[in-house]
Amino acid sequence: MVSLRRETMKTKNRCIHCRQVFIPNPRIKHQEYCGRQVCQNARKTKWQRQKMALDSDYRLNQKDAQHQWQEKNAGYWDKYRQSHPEYCQRNRQLQKLRDAKRRAQRLAKMDALTQRITIIPSSYKSCDPSCKKGLDRQTQRFGIKPDKKEVHYDHQNCP
Ligand SMILES: [Zn+2]
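Because the structure is a prediction, the values reported are computed rather than measured.

Cut-off values and rules
- Residues numbered from 1 in each chain as written.
- Predicted model: local features only at pLDDT ≥ 70, side-chain atom pairs only at ≥ 80, totals over all residues.
- Helix = DSSP H or I, 4+ residues; strand = E, 2+ residues; numbered from the N terminus.
- Buried ≥ 20, exposed ≤ 12 C-beta atoms within 10 Å, placed from the backbone.
- Contact = placed C-beta atoms within 7 Å.
- Expected span 1.5 Å × (residues − 1).

Participant: Where do I start with the overall build of the protein in this structure?
Facilitator: Looking only at helices and strands, the protein features six helices and two strands. Ordered by position from N to C terminus, the α and β elements of the protein give α-β-β-α-α-α-α-α. A total of 159 residues make up the protein; the buried ones form 2% of that total. Partitioning the intrachain contacts of the protein with sequence separation of at least 6 by distance along the chain shows that 25% fall at a separation of at least 24.

Structure representation (structure tokens):
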């Protein structure tokens, strides 16, 4: 029994937050975080995020508690913003970054959409332009010029 205890005392874990080796608490099964305050805070934040994502009761309780706190401490954030101009400045910069990211994503989406419309199914390629009327109209609406190549049309393969 004594030797077994000595064995478990010897094992070491690596903290998944700070990557430092630590001796786990024998009372805690599968301890992933060391005892440092920053790592314990990280563990709690991760747990809370998972709980918020998976537990609707917990989510409702949190919302309720926040609402009550806001009613008790009305004007707290106005005062905080007034006394912490660097906090406002940082928030504004982060919001600008988020806006730019969203704009880039929207442009990428529009690019993908227009590219999809210019692709004409291969079965239409050898047809008379009248066969792909609908497709042409769609490409014109998006301001895309259809190809003007000289093609010999073969009506036998029209869909
Ligand atoms: Zn740690």
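Participant: What am I meant to see in unusual backbone geometry here?
Facilitator: Glycine aside, residues mostly have negative phi, and peptide bonds are mostly found in the trans state. The backbone of R19 shows a phi angle near 65 degrees, a positive value even though the residue is not glycine. Secondary-structure assignment places R19 in the loop between strand 1 (13-14) and strand 2 (21-22). Backbone geometry at H30 places phi at a positive 50 degrees, although glycine is not the residue there. Of note, H30 is situated in the loop between strand 2 and helix 2 (37-54). Judged by the 6 C-beta atoms lying within 10 Å of it, H30 is exposed.

Participant: Is there a simple way to think about the environment of K12 in this case?
Facilitator: Along the polypeptide, K12 turns up in the loop between helix 1 (2-10) and strand 1. For K12, a count of 9 C-beta atoms within 10 Å translates into the label exposed. Once the C-alpha coordinates of K12 and F22 are considered, the two residues, ten residues apart in sequence, prove to be 5.7 Å apart. Excluding anything up to four places from it in sequence, K12 contacts V21, F22 and I23.

Participant: Where do I start with helix 3 (residues 56-72) in this structure?
Facilitator: If you check helix 3, its first and last C-alpha atoms are 24 Å apart, about what 17 residues at 1.5 Å a residue would give, namely 24 Å. A small share of helix 3 lies buried, amounting to zero of its 17 residues.

Participant: Looking at this structure, how should I read helix 2?
Facilitator: For an α-helix, 3.6 residues make a turn, and residues three or four places apart therefore share a direction. When the terminal C-alpha atoms of helix 2 are compared, their 26 Å separation across 18 residues agrees well with the 26 Å that a helix rising 1.5 Å per residue should span. Taken across its 18 residues, helix 2 has zero buried, putting it largely on the surface.

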